[in-house]
Amino acid sequence: MKKRLLAALLTSALALSLTACGGGTDSSAAADGGDTASTHDGPYKISMVLKTNAAEFWNIVQAGAEAYEDEHPDQVSLDIKGPPAETYYEEQLNTIQTDLAVESYDGYLIAPLQSEAVATAIANTDKPVVAYDTRIDSDKCLAFVGTGNKEAAKEGGKAAVEAAKAAGWTDIKCIEIAGVQGDATNTARMEGYREGVNEAGGEFLDAETQYANATADLAVTAMEGIMSKYPEGVAIICSNNDDMALAAARTAKGNPNYAKTIFLGFDGQKSAVEAVLNGELTMTAAQNNFDIGYKAVETIVKILNGEEYGDVDTGTEIITKDNAQARLDNFANWLK
C-alpha cells in the first residue's frame, strides 16, 4: 500500500516539477508540488550524499540536516555519507548509483560533484530527488536547495572593489583562484565575481584565472605564480572557497606589494571568519550552510507528504570585520 501511495504522489510531483533543478543556470525557479497529505508507516528513509565528509563546510551542512531529523524523528531517518574529498568523482557516483538501487530508500538528497553524470544516474528512478548546493539538470530532480552562487559571488566582487578603493588602489584588477574546472558551482561563482568586479569599476582578468581544484595546496602554487607574474601587486584575489583564499593570503604575507591586496573567500567557514577578525583575510561571502542541510531535508519531506514545495535560496552574507564576531557566535550553536 505504501509503495502505491508514494508512486501516486510522485507521479503528480514529477508532472508539476518542470525541471526545477535547472542545472545549467543559477536562478531559482519555483516548482510547486501537490497539496494532498500523505500517510506513511514510520519515518521516510532518505539517502543524503555530501560532496565530502571531510570538510568543515559539509560538517555544518550535515549538522543542519541532522537538526531537522532530530526535530522530526517521526518524519525522516537520514543515511548520510560522502567521499574523502571533492575530487573523488567516481566514488561519489558509485555511492549514488548503489543507493538508487536500494528499495528501502524513499528519496534522495544529492550534492553532485559532476552534475551531468548524476543526471544520467537518476534518469530511471521513480523516487524523488532533491539537489542541494549544486543543481542537477534533470526532470527527475524536483527541487534545488542552496546558495544563489552567482548572485552571492557578484555581491562579494562588488564589496571587494569598494574595499580596494578604500585601501588606495586605483588600478583595480582581480584574479581568481578557482575550483574545479567545469564544476557548475565553480562556474556560477566565477560568473558572479566577473560581473560584480566589472560592474563596480574593477577589471576581472579572465585570462589569469588559476584553477586549483578547490584545494589549499594548489592555491599556494597559484598564488606564488601570481606574485611572480605581478610583482607590483594585484588589487583583488578572489577564490572559489575559503581554504584557497586563506592559503593565498598566507602565501602573500610578508610581500609588501601585496600588503593592501583584498583577499576574498567564499563559504564563510569558521577558520575564514576568524582570519577576517585577525586581519589575515579581508572578507568572505558566507553561505548559510546549516540552512542548506536543514532546508534540503525539509523540502524532500514536503514532497513525500504531498505538500507544496519549491526551490529554496538559503541566502548569503558578506563577512567583514564588522560582522565576523556574530558569525562566529553561530558556529558554537551549529557544531555543539
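Look up: the structure comes first, before these words.
Residues numbered from 1 in each chain as written. Predicted model: local features only at pLDDT ≥ 70, side-chain atom pairs only at ≥ 80, totals over all residues. Heavy atoms only, no water.

S.K.: Describe the packing of helix α9 (residues 270-277) against helix α11 (residues 324-334), listing the residues and the values that go with them.
M.R.: Axis angle and axis distance: for two packed helices, these are the angle between their axes and the distance between the axes, and together they describe the pair. Interaxial distance between α9 and α11 falls to 9 Å at its minimum, and their mutual angle equals 150°. The angle between the axes of α9 and α11 places the two elements in the roughly antiparallel class. Helix-helix and strand crossings are classified by hand; for α9 and α11 the assignment is left-handed. Residue-level inspection shows Lys270, Val273, Glu274, Val276 and Leu277 of α9 in contact with α11, the latter providing Ala324, Gln325, Arg327, Leu328 and Phe331. For the contact of α9 with α11, the class distribution of residues is six nonpolar, one polar and three charged. (Axes fitted to C-alpha atoms, helices over the stretch in contact; angles between N-to-C directions. Helix = DSSP H or I, 4+ residues; strand = E, 2+ residues; numbered from the N terminus. Parallel < 35°, antiparallel > 145°, perpendicular 65-115°, else oblique. Left-handed = near helix turned anticlockwise from the far one by under 90°. Contact = heavy atoms within 4.5 Å. Nonpolar A, V, L, I, M, F, W, Y, C, P; charged D, E, K, R; others polar.)

S.K.: I'd like a description of the packing of aromatic side chains, backed by residues and values.
M.R.: To describe a pair of aromatic rings, one takes the distance between the centres and the angle between the planes. Within this structure, the stated rule accounts for four aromatic pairs. Seen from their ring centres, Trp58 and Tyr132 are 6.2 Å apart, and the 65° between their planes marks the pair as edge-to-face. With Trp58 in helix α2 (residues 56-71) and Tyr132 in strand β4 (residues 129-132), this pair connects stretches of sequence that are 74 residues apart. The exposure class of Tyr132 is buried, given its relative accessible area of 0%. A centroid spacing of 5.8 Å and a plane angle of 70° characterise the contact between Tyr105 and Tyr108, whose relative ring orientation is edge-to-face. Grouping residues by exposure puts Tyr105 and Tyr108 together as buried. One aromatic cluster is present, built from ring pairs that chain together Phe57, Trp58 and Tyr132. The ring of Phe266 has Arg189 sitting right over it, with the charged end atom 3.9 Å from the ring centre. (Phe/Tyr/Trp six-rings, centres within 6.5 Å; stacked < 30°, edge-to-face > 60°. Buried < 20%, exposed > 50% of the residue type's maximum accessible area, 1.4 Å probe, protein only. Lys NZ or Arg CZ within 6 Å of the ring centre and 35° of its normal.)

S.K.: Report on the side chain of Gln92, specifying residues and quantitative values.
M.R.: By secondary structure assignment, the location of Gln92 is in helix α3 (residues 89-100). Residue classification places Gln92 among the buried positions, given a relative accessible area of 2%. A polar side-chain atom of Gln92 sits 3.1 Å from the main-chain carbonyl oxygen of Leu50. In this structure the side chain of Gln92 is engaged in a polar contact, spanning 3.0 Å, whose partner is the backbone nitrogen of Leu113. Apart from residues no more than four positions distant in its own chain, Gln92 is found in contact with Val49, Leu50, Lys51, Pro83, Ala111, Pro112 and Leu113. (Polar contact = N/O pair within 3.5 Å; in protein donor to acceptor, adjacent residues only side chain to side chain.)

S.K.: Residues and numbers for the nonpolar core, please.
M.R.: In this structure, Leu109, Tyr132, Ile177, Met223, Ile237 and Val297 are the most contacted members of the largest nonpolar core, which totals 64 residues. A per-element tally of this core places helix α10 (residues 289-305) first, with nine residues. In this structure, Leu109 is in contact with Ile46, Ser47, Met48, Val49, Val130, Tyr132, Ala296, Val297 and Ile300, ignoring residues within four places of it in sequence. (Core = buried A, V, L, I, M, F, W, Y, C linked by side-chain atoms within 4.5 Å.)

S.K.: Break down the environment of Tyr230 for me, with residues and values.
M.R.: Within the secondary structure, Tyr230 is located in the loop between α7 (216-229) and β9 (236-239). Overall, Tyr230 belongs to the buried group, its relative accessible area being 16%. C-alpha separation for the pair Tyr230 and Asn257, spaced 27 residues apart in sequence, amounts to 9.4 Å. Beyond its immediate sequence surroundings of up to four residues, Tyr230 is in contact with Ile175, Leu205, Glu208 and Tyr258.

S.K.: Give me the lowdown on α9, citing residues and values where you can.
M.R.: Residues Ala272, Val273, Ala275 and Val276 constitute the buried set of α9. Take α9 and look down its axis: the buried residues cluster within an arc of 160°, on one side only. In this fold, the buried residues of α9 make contact with α8 (242-252), β11 (283-287), β13 (316-319) and α11. Where α9 ends, the next residue or the one after it, Gly279, has phi of about 85°, a positive value. (Arc of directions from axis to C-beta.)

S.K.: Give a detailed account of the environment of Lys150, specifying residues and quantitative values.
M.R.: Its location among the elements puts Lys150 in helix α5 (residues 149-166). We classify Lys150 as partly exposed; its relative accessible area is 22%. Counting along the chain gives 42 residues from Lys150 to Gly192, while the straight-line C-alpha distance between them is 4.3 Å.

S.K.: I'd love a proper account of empty space enclosed by the protein, names of residues and values included.
M.R.: Summed over the entire model, instances satisfying the criterion amount to one cavity of 30 Å³ or more. In this structure, the largest cavity encloses a volume near 40 Å³. Taken together, Tyr89, Gln92, Leu93, Leu113, Gln114, Ala117 and Val118 make up the full set of residues lining the largest cavity. Mapped onto the lining of the largest cavity, the elements with two or more residues apiece are α3 and α4 (115-121). (1 Å grid on protein atoms, 1.4 Å probe; cavity = no way out; pocket = protein on both sides within 12 Å on 5 of 7 lines; lining within 4 Å. Points joined across faces, edges and corners; volume = space filled by probe spheres on them.)

S.K.: Please give an account of the pattern of salt bridges that cites residues and values.
M.R.: Summed over all chains, the structure comprises 16 salt bridges. For Lys165, the salt bridge identified is with Glu162, shortest N-O distance 3.4 Å. Of this pair, Lys165 and Glu162 are both found in helix α5, three residues apart, which corresponds to roughly one turn of the helix. Under the relative-accessibility criterion, Glu162 is labelled partly exposed at 44%. With a shortest N-O distance of 3.4 Å, Lys295 and Glu298 are connected by a salt bridge. Pair noted here: Lys295 and Glu298 are both in helix α10, with a separation of three residues, about one helical turn. Residue classification places Lys295 among the partly exposed residues on the basis of a relative accessible area of 30%. For Glu298, a relative accessible area of 19% puts it in the buried group. One salt-bridge network, held together by shared partners, links Lys150, Lys154, Glu195 and Glu199. (Salt bridge = Lys/Arg side-chain N within 4 Å of Asp/Glu carboxyl O.)

Take it as geometry only, folks, not as evidence of what the structure does.
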